[in-house]
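What follows is each chain in one-letter form.
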Amino acid sequence: MTILAEKENAPKKPLTKTEQNLISELRIGDTPAIVRNPYSGEQVMLEPKAVALYDFIKGYEALLQTGKVSNIKKFDTARYLFHKLWPNSYMALLD
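In this report, we go over the structure that sits alongside the text.

Cut-off values and rules
Residues numbered from 1 in each chain as written. Predicted model: local features only at pLDDT ≥ 70, side-chain atom pairs only at ≥ 80, totals over all residues. Heavy atoms only, no water. Helix = DSSP H or I, 4+ residues; strand = E, 2+ residues; numbered from the N terminus. Expected span 1.5 Å × (residues − 1). Buried < 20%, exposed > 50% of the residue type's maximum accessible area, 1.4 Å probe, protein only. Contact = heavy atoms within 4.5 Å. Salt bridge = Lys/Arg side-chain N within 4 Å of Asp/Glu carboxyl O.

## Some points on helix α2 (residues 48-66)
So, step 1. Helix length check: α2, at 19 residues, gives a terminal C-alpha distance of 27 Å against a target of 27 Å (1.5 Å per residue), a fit within 8%.
So, step 2. Here α2 has its buried residues at Pro48, Ala50, Val51, Ala52, Leu53, Tyr54, Ile57 and Tyr60.
So, step 3. The elements touched by buried residues of α2 are α1 (17-25), β2 (33-36), β3 (43-46), α3 (73-85) and α4 (87-93).

Below is the structure:
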């Protein structure tokens, strides 16, 4: 099975202050990781910043499902940001 690897795309417009703040709150590691879509089986090699953002999205999604949080603005911002910076990985993992 082929593993998709994608570099961060340079956004057409600078990141908003909200997007910059979200990234600054993430714990970004040092190593890339292979992430597998549990539904399609597709695998993607994510760079450390993408791993951190992906983990944030999946964690927030779990909190939403359990009712522990109800504000989806930060969740939507994170998903949009992931889509903006890694569109192919977004399509493989989160769409």
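## Notes on the pattern of salt bridges
So, step 1. All told, the structure shown has 4 salt bridges when counted by the stated rule.
So, step 2. A salt bridge links Lys74 to Glu25, with the nearest nitrogen and oxygen atoms 2.7 Å apart. In this pair, Lys74 sits in helix α3 while Glu25 sits in helix α1, placing the two residues 49 residues apart along the sequence.
So, step 3. With relative accessibility at 32%, the residue Lys74 sits in the partly exposed group.
So, step 4. Measuring nitrogen to oxygen at the nearest pair gives 2.8 Å for the salt bridge that ties Lys58 to Glu61. On the criterion of helical spacing, the pair formed by Lys58 and Glu61 is a turn pair, its members being 3 residues apart in helix α2.
So, step 5. On the accessibility criterion, Lys58 (29% relative accessible area) is partly exposed.
So, step 6. Looking at Glu61, the relative accessible area reads 24%, which means it is partly exposed.

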